[in-house]
Amino acid sequence: MPPLPLNTKDTQFEQTIQSPLEFSGIGLHSGVSVAMRLVPAPAGSGIVFRRSDLANFEIAATGRNVARVSYATSLMRQGVLISTTEHLLSALIGLGVDNVIVEIDNLEVPILDGSSQPYVQAILAAGFKRQRRQREYMRILKDVEVREGSKFIGVYPGEGYSINYAIDFPAPIGVETFVGDLEAGAYVDLIAPARTFGFREDEAMLRNMGLIRGASEACSIIIGRGRVENLPLRFEDEFVRHKVLDLIGDLALAGHRIWGRVVAERAGHAMHTALVQRLLRDRSAWELVTRPERFSAESNSALEHVAA
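Rules used throughout
- Residues numbered from 1 in each chain as written.
- Predicted model: local features only at pLDDT ≥ 70, side-chain atom pairs only at ≥ 80, totals over all residues.
- Heavy atoms only, no water.
- Phe/Tyr/Trp six-rings, centres within 6.5 Å; stacked < 30°, edge-to-face > 60°.
- Helix = DSSP H or I, 4+ residues; strand = E, 2+ residues; numbered from the N terminus.
- Buried < 20%, exposed > 50% of the residue type's maximum accessible area, 1.4 Å probe, protein only.
- Lys NZ or Arg CZ within 6 Å of the ring centre and 35° of its normal.
- Pairing = 2+ DSSP bridges.
- Axes fitted to C-alpha atoms, helices over the stretch in contact; angles between N-to-C directions.
- Contact = heavy atoms within 4.5 Å.

### With respect to the packing of aromatic side chains
Two measures describe an aromatic ring pair: the distance that separates the ring centres and the angle between the ring planes.
Inference 1: Here the structure, examined in full by the defined rule, presents 5 aromatic pairs.
Inference 2: Taken together, a centroid distance of 5.0 Å and an interplanar angle of 90° make the contact between F197 and F239 edge-to-face. Of this pair, F197 sits in strand β16 (residues 197-199) while F239 is found in helix α5 (residues 238-251), placing the two residues 42 residues apart along the sequence. The pair F197 / F239 is uniform in exposure class, with both members buried.
Inference 3: One aromatic cluster is present, formed by F169, F197, F199 and F239 through successive ring pairs.
Inference 4: Positioned above the aromatic ring of F235 is the side chain of R241, whose terminal nitrogen or guanidinium carbon lies 4.1 Å from the ring centre.
Inference 5: Cation over ring: R283 sits above W286, and NZ or CZ is 3.8 Å from the ring centre.

### Points about the environment of L124
Inference 1: Checked against the element boundaries, L124 lands in helix α2 (residues 117-126).
Inference 2: When its relative accessible area of 16% is taken as the criterion, L124 is described as buried.
Inference 3: C-alpha of L124 to C-alpha of G268: the two residues are 144 residues apart in sequence and 28 Å apart in space.

### A few points about the sheet that holds strand β3 (residues 33-40)
Inference 1: Strand order in the open sheet formed by 5 strands is β2-β3-β9-β4-β5, and the pairing between neighbours is mixed. Only two strands of the sheet have a single partner each, and these edge strands are β2 (21-26) and β5 (57-60). In this sheet, adjacent strand axes meet at a mean angle of 25° when their direction is disregarded.
Inference 2: Bridge count between strand β4 (residues 47-51) and strand β9 (residues 100-104): 5 bridges; the pairing is parallel. Each residue of the ladder has a partner; that of I47, found in β9, is V100.
Inference 3: On top of the sheet, helix α1 (residues 86-95) reaches β3, β4 and β9; it is set at about 145° to β4, its chief contact.
Inference 4: Those strands touched by α2 are β2 and β3, and its axis lies near 165° from that of β2.

Shape is all these values report; function is a separate question.
Structure below.
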């Protein structure tokens, strides 16, 4: 797989995909079959979901359309739903795709293998189309935080797109920490392959809630009786890496790539999107700028992680 071209001059301009891409699968929570198509979109249009089964009704991937958020991030406009958007959005942001139309014939984005890797591989194979409009970044100007008991997420002024994420789950996960910078260009190798995960003991409860009807060992890491049932893991710390994957997808709903520093402890979809909402409400917390300063590839050659 070729390296992710995030440190090139071209990334100062918006991008779309070179040609349409097709995906099919089932929804993680709904269990329904779904066909999805990514279509190149004009500069300045952003990421827009289009329900092809509902007269091409469109829902923009922005914070104002965030709907239900618990075990996945869903968007809704005028009662029309798009569910489990985070993995696809993460892949698009991770690869620097600014504009795309997502044509989908059902209510949930397909889960595929539980990571964003299938999307990433297909997009890289299709290639990118550079557009004439300069990309605008959401440069953070002041601290913005969301707290809920021992859970926390905050965004702060800084260079690049720094992420520091810590999780704490029952065995065998325990405490894991990931620290890195998305601008360093290693999303493809170090984030995209990380899969979603769940605990066997929660299965009955979640199914009774109408969730995880499409879950299986083919699309998630299953943990039961203190052990991973479907080894091997793709990374020793795959669990926290997947949380970073989710975070990148959820923060895409800010409408622009973050230029600043994000810190999260035991957060999740609800807190990720709460941070987006707080950012969008406080216009003094950020400004839109073209690339603030050429990111130094030499001093930030790769994402680094620390596991504990």
